[in-house]
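# Structure at a glance
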Amino acid sequence: MLFRQLMKCLKQTSFSLSDYNTKRNFFRAVQLQANIPGTFVGSLKSIVGDANVSTADAVRDQHGHDESHHEVHKPDVVVFAESLEHVCKVAKLCNDNKVPLIPFGSGTGLEGGVNALQGGVSLNMSKMNQVVKVNAEDFDCTVQPGVMRIALNAYLRDTGLWFPIDPGADASICGMCATSASGTNAVRYGTMKENVLNLQVVLPDGRVIETAGKGKRSRKTSAGYNLTNLFVGSEGTLGIITEATIKLYGIPEKTIAAVCHFDSVQEAVDTVVQIMQSGISMAKLEFLDDKAIEAFNKYSKFNMKVAHSLFLEFHGPALGLEDQFNTVKELITSNNGSGLQIATDEDERKRLWKARHEMIWACTALLPGSKPYSTDVCVPISTLPKVIVQTKKWIEEANIIGPIVGHVGDGNFHVFFPMMRGDKETYEKVQDLHFKMGFLAMEMNGTCTGEHGIGMGKRKLLEKELGPTGIEVMKEVKKCFDPNGIMNPGKVFF
Ligand SMILES: Cc1cc2c(cc1C)N(C[C@H](O)[C@H](O)[C@H](O)COP(=O)(O)OP(=O)(O)OC[C@H]1O[C@@H](n3cnc4c(N)ncnc43)[C@H](O)[C@@H]1O)c1[nH]c(=O)[nH]c(=O)c1N2
Ligand SMILES: O=C(O)C(=O)Cc1ccccc1
Ligand SMILES: [Mn+2]
């Protein structure tokens, strides 16, 4: 496999500077051990026990992909860690033997983050699943890497607190740290970047650090470099996150959810800009275009008007919440929005958001057997109407399936392209659109990824976004933490 890739690189006759870097780094990466010897597997077993090491095809296969369309790349072996000591020893063993090491949270990523591009060890963190401590009076808690978002909120329920960052999928909290996840509630509560206070991290050589200092969990710090936010979004390329201390919030006293519809994309997104510019603190502000609503109705058995729509939610003390809602209502009306419907009943609200979170499956169902290819641009809010309107035009011109959904309150949206593996013609069209969207977002001073990360799918776009010096500096940072390049090789950069 590696040989075939190498020959493909060599056969290309012309290439740009970034291609040159790709090839240069490819040569460096080849020096990592690909197919690991039996003695190495034996050493892994002596660290974590026989039952926690698997070379079975089905297990390797399950760890060689996430929920995206990206090609499956199996690791050579899967290791289940049960303790910090396991993680330290496995990391050191991989580092000493120059074997790739890929942390595995729950595999819900959308950019091929866990795919083992060069084989090696997939380190599954799901058995380290304890809530270490809840400091209810300080609104924070510390969790092990295998703690899942929904389980954490169930655990917290009696305290009246919750962790609101919600990517829709039931992901591991540390996987969410690693991708800097966000989702529907970010417009009110921020992303993982704003909600992590400290991380315990195992470095490839087996050393352990706490990014904010041992046991620290203050709301503010100006003590030295921000190592915490270096690891948030690092996608398993710098070290293994073994504990996260995160912020919690009081469960809101009152919640109002609503939907409304528009005849044009422009009017819907203009409304979003005006709501955000009016300073109203929205908890959720989501856009679904007509094609997304069609998929939504069909998959989740709703009967919503097929039109460009906004889904909204307000959180707060009962006092004042209705005033905010009324101001938003006026903005909707002044932009020709219609059919405003409120869901105050909890069951109805839950049904609405569950269906919104299942949009990825609703869109997949448009082309049975397909895998999702999703885009994820994020732009300054004032430029959002221009970017969404242009994107919709491109999708129509390309004549392909591409529903649009977005966390538009943050200027973030996705086009979902259902892809059949092996359908080259659609793949090329989709890639072209993906690049066009990424470039347009950058031109508007935005980014190619608001929340899904770079993984293996957006490496080229990252080069454009940061420029050669930016990439060079990021690679130097990586080298400082991971001099042998064992941590999730081939992700974020080529
Ligand atoms: C239906 C649906 C809907 C959405 C999404 C997915 C799906 C399936 N996502 C994407 C996804 O939920 C998000 O990327 C999660 O943060 C991934 O968490 P996992 O635990 O699954 O990490 P997963 O196992 O997929 O790993 C992701 C990356 O993190 C690394 N990693 C995992 N655990 C680590 C650890 N302990 N230490 C170091 N590195 C680690 C991996 O190596 C990999 O590079 C999303 N996201 C979003 O932000 N907003 C959204 O709206 C959605 N929506
Ligand atoms: O639902 C979301 O917000 C996601 O991030 C996943 C996704 C991506 C692309 C289209 C539909 C859903
Ligand atoms: Mn999203």
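A quick note: this is a predicted structure, and the numbers were derived from the prediction, not measured. (Residues numbered from 1 in each chain as written. Chains lettered and ligands numbered in written order. Predicted model: local features only at pLDDT ≥ 70, side-chain atom pairs only at ≥ 80, totals over all residues. Heavy atoms only, no water.)

Along its length, the protein chain carries 18 helices and 19 strands. Against the globule reference of 23 Å for 494 residues, the protein chain gives a C-alpha radius of gyration of 23 Å, in line with a compact fold. Referenced to the eigenvectors of the C-alpha coordinate spread, the extents of the protein chain come out at roughly 70 × 60 × 40 Å. Taking all 494 residues of the protein chain together, 54% fall into the buried category. Taking the intrachain contacts of the protein chain between residues at least 6 apart in sequence as the baseline, contacts between residues at least 24 apart amount to 72%. As displayed, the protein chain has an accessible area near 21600 Å², and 52% of this comes from carbon and sulfur atoms. (Helix = DSSP H or I, 4+ residues; strand = E, 2+ residues; numbered from the N terminus. Rg over C-alpha atoms; globule rule 2.2 N^0.38 Å. Buried < 20%, exposed > 50% of the residue type's maximum accessible area, 1.4 Å probe, protein only. Contact = heavy atoms within 4.5 Å. Areas by Shrake-Rupley, 256 points an atom, 1.4 Å probe, with all protein chains shown as cover.)

Neighbouring ligand 1 are 36 residues, the closest being Pro 103, Ser 106, Thr 108, Pro 167 and Ser 172. Take Thr 179: an N or O atom from its side chain is 2.8 Å from an oxygen atom of ligand 1. Here ligand 1, which alone exposes 970 Å², has 96% of that area covered by the protein. For the shell around ligand 1, the secondary structure elements donating two or more residues are strand S3 (101-104), helix H7 (173-179), strand S10 (240-247) and helix H15 (359-364). Of the residues contributing to the shell around ligand 1, the split by class is 17 nonpolar, 16 polar and three charged. (Near = heavy atom within 4 Å. Polar contact = N/O pair within 3.5 Å; in protein donor to acceptor, adjacent residues only side chain to side chain. Nonpolar A, V, L, I, M, F, W, Y, C, P; charged D, E, K, R; others polar.)

Low pLDDT marks stretches whose predicted atomic positions should not be read closely. Looking at the protein chain, pLDDT values average 93 and 94% of them are 70 or higher. Scored below 50 in pLDDT, residues 1-30 makes 23 contacts in the model with residues more than four places away or belonging to other chains. The ipTM for the predicted assembly is 0.99, set against a pTM of 0.94. (pLDDT = per-residue confidence, 0-100.)

Turning our attention to the nonpolar core. Residues Met 282, Leu 312, Phe 314, Ile 388 and Phe 413 are the most contacted members of the largest nonpolar core, which totals 44 residues. Of all the secondary-structure elements, those providing two or more residues to this core are strand S12 (254-262), helix H11 (265-277), strand S13 (284-288), strand S14 (308-316), helix H13 (318-334), helix H16 (384-398), strand S19 (412-419) and helix H17 (424-443). Element by element, the count of residues in this core is highest for H16, at six residues. Not counting residues up to four positions away in its chain, the partners in contact with Met 282 are Val 187, Arg 188, Ile 275, Met 276, Leu 312, Glu 313, Phe 314 and Val 328. Val 131, Trp 162, Ile 173 and Cys 177 belong to the second largest nonpolar core, which has 31 residues in total. (Core = buried A, V, L, I, M, F, W, Y, C linked by side-chain atoms within 4.5 Å.)

This part is about the site of ligand 2. Taken together, Leu 110, Arg 356, Ile 360, Ser 374, Val 405, His 407, His 414, Phe 416, Glu 451 and His 452 make up the full set of residues adjacent to ligand 2. Within the side chain of Arg 356, a nitrogen or oxygen atom sits 2.8 Å from an oxygen atom of ligand 2. Glu 451 places a polar side-chain atom, nitrogen or oxygen, 3.3 Å from an oxygen atom of ligand 2. Only strand S18 (404-407) and S19 provide two or more residues apiece to the shell around ligand 2. A breakdown of the residues in the shell around ligand 2 according to their chemical character gives four nonpolar, four polar and two charged.

On a regular strand, each side chain points to the face opposite its neighbour's, so the side chains alternate between the two faces of the sheet. Of the two faces of S18, the one lined by Ile 404 and Gly 406 and the one lined by Val 405 and His 407 are each fully buried. In terms of strand pairing, S13 meets S18 through two bridges, oriented antiparallel. Looking at the pairing, Phe 287 lines up with Gly 406 of S18. Relative to S19, S18 is paired through four bridges, and the arrangement is antiparallel. Residue pairing for S19: Gly 406 is matched across the bridge by Phe 413. Where S18 folds back on S19, the antiparallel hairpin that results is connected by four residues, among which Gly 411 adopts a positive phi of roughly 75°. (Pairing = 2+ DSSP bridges.)

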